[in-house]
Each structure stands twice: as structure tokens, then as C-alpha cells.
Amino acid sequence: MPAALPRNPSPLLVGRDRERAWLREHLTDALAGRGCPVLIGGEAGIGKTALVEALCGEARERGALVLIGRCYDLAETSPYDPWVELFGRYPCDADLPPLPGAFASRGSIGKITSQAALFASVYDFFVAVAARRPVLLFLDDLHWADPASLDLLRVIARSLSLLPLFIVATYRTEDVTGNHPLYALLPTLVREAHADRLDLRCLSDAAVRSLLLSRYALPGHDTGRLVAYLCDRAEGNPFFIGELLRALEEAAILHRHHDGWHLGDMTHAPLPMLLKQVIGTRLMRLSEETQQTLAIAAVIGQDVPLSLWATVARVSEGALLDSIQRAVEAHILVEHGDGAWIAFVHALTRQALYDGLLPSLLPSRRRVYHRRIAEALITEPAPNPDAIAHHFRQAGDARAVTWLLAASERAERAGAWITAAQRLEAALALDEGDVLTAEARGWLLVRVGSLLRFAHPQAGIAPLEAAIRLGIASGDNLLAACATSICGALRCYFHDFSRGLPQVEAGSAALDRLPAADRARLDALDLVGEPLDTHSRWVRYALFLAFVGRCTEARMVGERAVARFTAAPERGRCTPTEPYPPVYRALGIAYATLGLPDQARAAFRMASAALGALNLHAGHASSLADELNWAMLPYRADDRLARQTLAVEAEQVWERSNGVLHTDLAPPQLARLSLMVIEGAWDEARAVAVTAHAVDGVGFHQRLVRVPFSVVANHQGDTETAWRLIREVFPSGPETEPGGTFFLAALPLLRLAATLAIEMDDLPVACQWLEAHDRWLDWDDAVLGRSEGALLWGWYERAAGDVSRARERAMQALAHATEPRQPLALIAAHRFLGELDAVVGGGQDALAHLDTALRLAETCAAPFERALTLTALAEVYTTTGNRAEALTVLDEGRAIGTPLGAKPLLARADALTATFATASPVSAARRFGVGASPGGLTAREVEVLRLIACGQTDREIAETLALSTRTVSNYVLHILNKTDAPNRTAAAAFAFRHGLA
């Protein structure tokens, strides 16, 4: 998890940023002499006390005197108890006035001559204290306060406006009924004292998700399960959330292993004892008859229709209404506005009743009630299949299977594919051959696997493999072929291309070979989002070919599919101008890889238009993100308006896709993650990448995560994370063959591995990674990545000491970046040529290249590229002895690199600055016992040459002299150039001949 996130945040303070800011503003006003009372209401466990205690901590830090008085749930409360406790916390400080006489004896109240005199003395006391020090008074749980304490509060509160005195009081809204003394006081305080009121609401699902992500590093699917579990049961109550999490941990359902947190089956998770006690206390106020009626309501559900309740309970309307009234007063039930429904205050309240908190609800009795409820629901005009299936399941009635299938069909029609899959799985688990034939089971398994790709693609593989076995065993070739094709697609969606792509190809080929009768059955199939007709199944194959970099094949299959669709569009699938959308995504990726940016963007636009028209938000978001990453940023990075427009559109569509993708916990900013890296929003980008990588594991959206994540990690000096991300894609290192992962996202990681090896001065390993990069590019004639590959070979040659060969590679990189034009690649090529020209003495040429790179970086709004170029420019100025200009551009580079946390860049700048503090060439030569340095070597170059002669590598020299490896490599090139030495051995010999070593 990100280091900035707390490890164990309290549920009571999660999602309260707005409320805390609001209270902080009131505190600021009070400290400035504009005090006022604030009244905070909310249900039990909502976090009122925790919120104010956090405010008290801030008030203490700002110099305020904080006094706290609490009320307690006792049958009889003594007068002024919260004030007695509050004054009991008053510090013994000579600089503060003494306590009022009535409260001078701490822990009790003294003699009171009259209430008016008491109130006056307390008011005068607070005026005196506030004159010396700002004061915050916190009165907690006022719903338990005695009337006298409330009267004293009223007197003090209405005179705060000119005092640095802040009063905050909390109360439970459900306990403040019409006959409660606080009920009338609340509007009075608003009217007389201009009190502000804050009603704390339940936490949103997003806040619960944020809490879990910061506390437990669970896989995305498990995080989603836990969010749903908590939201269904605690309904946003922070105290209940905390207790449920505690119970899950104590039961080892939520547990930590060495590899992180794991979540087990929560079906039978225990209800926390503390919650049972809270709810049990409320139930004790009710009669046995009312408790029994409530037990039946608990079986019906969270929301209870009165007509159904009366039918199942077999009680009169009058008796039912009496029970409801008593349960509402006990804060067990709440009525709906229309009077036809009631609901339990919390799902946990219902669960406590259902789980046996009431003796009248033993398991055998529950089954009877469930069956009775299901049979009553069937008679309704529009029966709800989900509710009926649920009650039949709980009753152990075989009729549940039929109703689960009906519920699945309804969910599928509504586009609720995850729910549809869950209903099918439940039906399959319940059926023991009474309802479903073997063939029917096979096709249901296919449908489950198809639907589960929206929830968790890997979970869909097992049912599909079972369907394949059933198809083979029964001789149903259509079933086996469909299951094989869909299973392969799911593997590919999860980037398991090495196994998935052959399955897609084999399944599609098997479908092509079907006899006429089976083809007719195939045409009648209606599997959501699974195109198995003749054209569409090969279109999907084209998309996976493009993913793995077999782009020439993908282009051929895709263009042929477009031609076929245009000539004869299939009814119900598409229109002549909009064939199945993935064909355009396939072509967009293929065109981008093959260096055809205009065609790529046009294809992506077609894909997005088609997907948007079909309201397929998940695919639409992915298509827009791919266009941004692989067509816009490589080829049109300097079109800032267009790239920003596309990024905003991608993020907005991504937000609409939440709840459909299996990675719905991945933040929508993931769609523009690469652009955030280019524009220098590194902290935000890294936080998004960490979250997305955690919830998505190793699959679906990693093509959008790993590259920007690894780039930022490397630029911030976190090479451990960079190597970890590289190893995830290349488990066999540079020997890993193409075809098993997303091609365009793998190429940058190959280059990063080579870069890291060069910076470690491990040239043999760097060579292996560079050769692997060449092999991947040549695998299908990829154009995208050629410039960056040639540039890295140039870095390699420079590190090896061959300036001439390095420049040849740099010129190749420039040529590749020019046609087709790739602005970011052009920046890097010009920058490297500037560095090399400075080494061989081409000062003006070096400045021209670097000036071009700077202008491009400005046009592309790429601050880090500008900082790198400024540092290279400083090296040129250092070489020419232009100290003032070098320091100026280094300062500008540091100003960019510091907020980015670009540690290697800053170290390189520091190393360059340090060169100005070294001795002159003459004094350095004298130190080594010689006259003026031969070859015009500078003092630092003499030091580097001396270490070369000692046999040190560039990395060892960098450590010895506290320089960056890149800076040392540049010094080595300068030395070879000045001494006319073809290699390091010759340079060492030069040093020995001239007495420098």
C-alpha cells in the first residue's frame, strides 16, 4: 500500500473529510473570538464522539483549553453530572481563574443557593477563562443528560458570539423523541444561540472501500466481496463496520499470511457479541408477543411489506400495528413514508433476530416460515423470482432451482450479469438431477463462465472446463467447441495468452467444422457478449492477435472482417458502418504497432463510437485508454488539447463502467495514468498505480498499470519496484519469448530492464535485454519502439566506450522517431545526440540538439523530459567551462525534479555542481606529481582516468567519487576523445605513460 496511507485507520473517521473541515472552520472562528455552539446528531455508532475527539486534539495543538463532560446511560442521572465531570478535568494552573464555588470540590457538586446564581457564576467563570485562553467544551451523549444540565448549556451557549469559547455537543437522534427534554432544546439553541447543527450520515460505499484498501491488501475480488458484506450488514455505520471486521479477524475468516491478507467464506460469519448485546438490550423492552411477531419479520427480510407480514404471521391488523409501534419506539424498526412497509433500523438488527437472538426463531421454525413466505409470494401478481428462490432455498425446497433460473434470466435481461451468474451457480449447486439434465447443466456452465468474465475472469474458467468435459463425454461437439472458445477468451482477457489464444483458435476452428444441424443450434444461441457467429468469433481472435503483437495477422483478419461486415452485415449484430466493435480495437492496436498512427486513431474512434452506442461502458473505456496510450501519446503527444480531451473522456466512461468490470475497484484515473506520468503528476500516478495493481493482481488492466508504474519507480530511484514489475512480465528474464503477454506494454519493460542493467554497469546483461527487445520487434515487424530501442543501443555503446557507434545508433533513433513522427522519442534522440556531440567537441551542434529537445519538451508539457534535457545542457556548459550558465540550468532542473522526487536526476545535478568545487587542472596535476595535465584533461577527468587505470568500472567510479553512473560514462567518453584512446585499456596505458596513475 502507499506509504502515505494509514495502516489501521479507524472506521469512525473514514469518509469524514468534509465534516472535519467544517468543524475546523468553526474552531478557527472560536479561537478568533467568534464562538458558537455546534450540535452533532446521529445514530449510535455513527462516529460522533470520535469526530469530536479528533477536533479536541487539534484544538489542544492550537493552544485551546479542552474540557470534556460525558453523560452516561443510567436509570437516574444526578443533576449536572456532565458538568461535574467537565470541571473535574479543569487543570490546576495558577494562571487560570479558580473553579466556580459549586464545582470547586472535584467529583461532586457543592451547595447551591439558587439556580440563577449557579448559572451566573459558571458564565462568569468561562468569561474569565476565555479572556486568558481559548476554550473548547465537549459535552458527549446529551440524550442521557439531566434537564438541569441542559438548562445550564442553554445559558452558556447563548452568549458565545463575542468569546473565544467553542461548545460542541453530541446526541443520538433516535433517542431524542417528542417527550425528551433535548427535543425542545435543540431548536431553541438554534434560535437563541445561533447554533449550527450537523447530522452525521452513514458512510458511503466508496468510504468503506477506501477503509478496506488502506487496511487490508486484499485481491480486488475479495475486496469487492468484503465491501458488499459490510455495506449490506452495517449499512454504513462505522461502529458496526469496526465490530464486524473485528469478528471476521477473530474467526480467522479475514486473516493475514506471509503473502498478505486473505478472505474466506463469510456465509456463516459470527455476529459480534457486542452488537448482540446492544440489540438484545433493546429487545428486552418488548413483550414476548411482539418479539415473536418480529421474528417472522426477520425471516421475511430487511424491508417487510405489512400485507405479507400479516399473512405469514396470521395476526390481526390491530395486533400487528401495536407490535410495530413498540418496535419503532425501541429503535428496532422504522416505518416507510407510505405506511405499507416497515424496515429494520439496521441489517445487523435483523440478522441478530434471525440468528437466534429470539427463542421463538429456532432453525426448524425458520424453515417453516421461509416456505410459507415463498408460497405467499408466488400468488402475487408479479412475483419476484429472487425473493421466492431465496425463501425456497432457506426452506430446503427443491422448487428453489426453477426460481433461481428465472431470477438469472431476469438479471441477464436487465444487464446485471454478475447477479445472473450468481443465480446460475446457486441453481447448479442445489440441483441433484431432479430438474436439470446433463446437457442443460453443460450449457448453464457455459453461460456461467461467459457471465463471470465481468466479475472475475479466472473464476469463469472452472465452469467452462467442466462444460468442455461434459460436451466431450456426451458427444455434443457444439457444447465442447463453444466452451473451448469462450474459455480461451477468458484466459486472454486475463492476459494468459499462451494458453488462451490456442483455445480461441481451436474453438473457432471447431465451430467452423460443425455440421448444418449444429450450426443452426449455434445461430439460436444467445450468450451475452460472446460472439460465436462465423464472422464475430474470428474478429475476437483478431483482437487477441493484436494484443500479443501478431499485428500483421490481426490487420489481415480485421480488414477482411470489416469487408465482410460491410458487404453483408449480420442481422441484430451490427450495421454496415459499425461491425462488431472489437474489430476496430484490433485494427487500432495493430495499426499503432505497425507505425500507422492516422489509421490507428480512426479505428479506435470507430470502436469507441460503436461501443458507446451499445452502452458497453467497460469496452468503451478500454478502447479509449488504448487509443490514448498507443496512438495518441506515442505519435501525437504534442497535441495537448487532443490528448487532454481524450483522457477526460476515457476517465468519464471508466467511471460509468464501475460495477461491470471485474476490476471495478481500480480507480478511473487509471485510464489516463500514462499522461499523468508525462505531465509530472507522479505522486498521484503512483498512488493510482499502487491501488490498481493491488486490486487487479496480474491481469485485466495491467497493460495500463505496469509501464507508468515502473517508469515512475525508476525515475524516483525505486529500482526494486521497477525490477519486480519487470519480472512479473518476464519470468524467464530476457529469454522470455513474445506471444504470452500484451505486446505494447511489454516492450517498454524490456527497455527498462536494459536501462537498469546499463546504469548498474552490467553491460553483458544489458546486451541480453537489448537483443531480446530487437527479437520482439522483429517478431512481427513492429515500428513502435524502434526509436527507443536504437537509442538504448546508443547508451550501451557509450557505456562501452564507443562514441562513434553510439552516435550511429542515435542517428538511427532520430530517423525512426521522425518517420512516423514520435515527439517524445524525438526529445530523447535529440538529447542524446546533444550529449554525444559535446563529447566529441561539437559544441554548437550539441546546443542545437538540446535546444530542439527543450522546445519539444515544452510543447509536449513534459516537465521531466525538460529537466533531463536541462541537466544534459548543464553538462555541455560544464565541458566548455561556462559555470554560470551551467548552474542556472541546473537550478531550473532541480526545481522540476524536487517535487517529482526524481532522486537519480537530483543526484546527477549534485554531481555536476560538485565538479565546480574541484581543483584546477594544474593543481590536480601537481597533486599527482606531474606538470600540466596532458590532453587538456580537467581535474575531474584526471581523477576518473586514475580510477580507470586502477581497473574500476563506471559504477565503482561513481560510488568512489559520489557521482551518477551516467555522469561517469560521459567523463569516460571525454577522456577517450581527448587521449585518442580507442578503449579503456588504452586510456589506462595513457595514464601510466604520463604519470597519472
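Only a predicted model underlies this, so the values are computations on that prediction, with no experimental measurement involved. Per chain, residues are indexed from 1 in the order of the written sequence. With the structure being a predicted model, the display of local features is reserved for residues of pLDDT at least 70 and the display and counting of side-chain atom pairs for 80 or more, all residues being used for whole-chain, interface and lining totals. Derived side-chain values reflect all non-hydrogen atoms in the structure, with water molecules and hydrogen atoms excluded from consideration.

**Let's talk about the sheet that holds strand 8 (residues 303–305)**
1) Next: Here a strand pair is declared whenever DSSP counts at least two bridges between the two strands. Numbering of helices and strands runs from the N terminus; a helix is a DSSP stretch of H or I covering at least four residues, while a strand is a stretch of E covering at least two. Overall, antiparallel pairing links the three strands, which are arranged 8-10-9 in an open sheet. Pairing within the sheet leaves two strands with one partner each, and these edge strands are strand 8 and strand 9 (333–335). Geometrically, the sheet is characterised by an average inter-axis angle of 30° between neighbouring strands, direction not taken into account.
2) Next: Summarising the sheet, strand 8 and strand 10 (residues 341–344) pair through three bridges and their orientation is antiparallel. Every axis in this analysis is a line fitted to C-alpha atoms, fitted for helices over the stretch in contact. Angles between the N-to-C directions lie between 0 and 180 degrees.

**Quick word on the packing of helix 38 (residues 823–839) against helix 46 (residues 965–979)**
1) Next: The N-to-C vectors of helix 38 and helix 46 enclose an angle of 40°; their axes lie 9 Å apart at closest approach. Contacts from Leu 836, Ala 838 and Val 839 of helix 38 reach helix 46 at Asn 970, Leu 973, His 974 and Asn 977.
2) Next: Each residue gets one of three labels, nonpolar for Ala, Val, Leu, Ile, Met, Phe, Trp, Tyr, Cys and Pro, charged for Asp, Glu, Lys and Arg, and polar for the others, Gly among them. Classifying every residue of the contact of helix 38 with helix 46 gives four nonpolar, three polar and no charged. In this analysis, two residues are considered to be in contact whenever any of their non-hydrogen atoms come within 4.5 Å of each other.

**Let's talk about the sheet that holds strand 3 (residues 135–140)**
1) Next: With respect to topology, five strands assemble into an open sheet ordered 2-3-4-1-5, the strand pairing being parallel. Where the open sheet ends on each side, the last strands, each with one partner, are strand 2 (65–70) and strand 5 (196–199). Here the average twist between neighbouring strands, direction ignored, is 15°.
2) Next: Two strands pair when backbone bridges link them, and strand 1 (residues 37–42) and strand 4 (residues 165–172) are joined in this way by six bridges, in the parallel orientation. Among the inter-strand pairings, Val 38 is bridged to a residue of strand 4, identified as Val 168.
3) Next: Lying on the sheet, helix 5 (residues 147–157) is in contact with strand 1, strand 3 and strand 4; it crosses strand 4 at an angle near 145°.

**Some details on the nonpolar core**
1) Next: Side-chain atoms within 4.5 Å are what join buried Ala, Val, Leu, Ile, Met, Phe, Trp, Tyr and Cys residues into a set we call a nonpolar core. Burial classes: relative accessible area under 20% of the type maximum marks a residue as buried, over 50% as exposed, and values in between as partly exposed (1.4 Å probe, protein chains only). In this structure, Val 446, Phe 544, Ile 726 and Phe 730 are the most contacted members of the largest nonpolar core, which totals 185 residues.
2) Next: By residue number, the principal contributor to this core is helix 34 (residues 743–759), which donates 13 residues.
3) Next: Formed by 61 residues, the second largest nonpolar core is a distinct cluster that contains Leu 218, Leu 306, Leu 353 and Leu 377.

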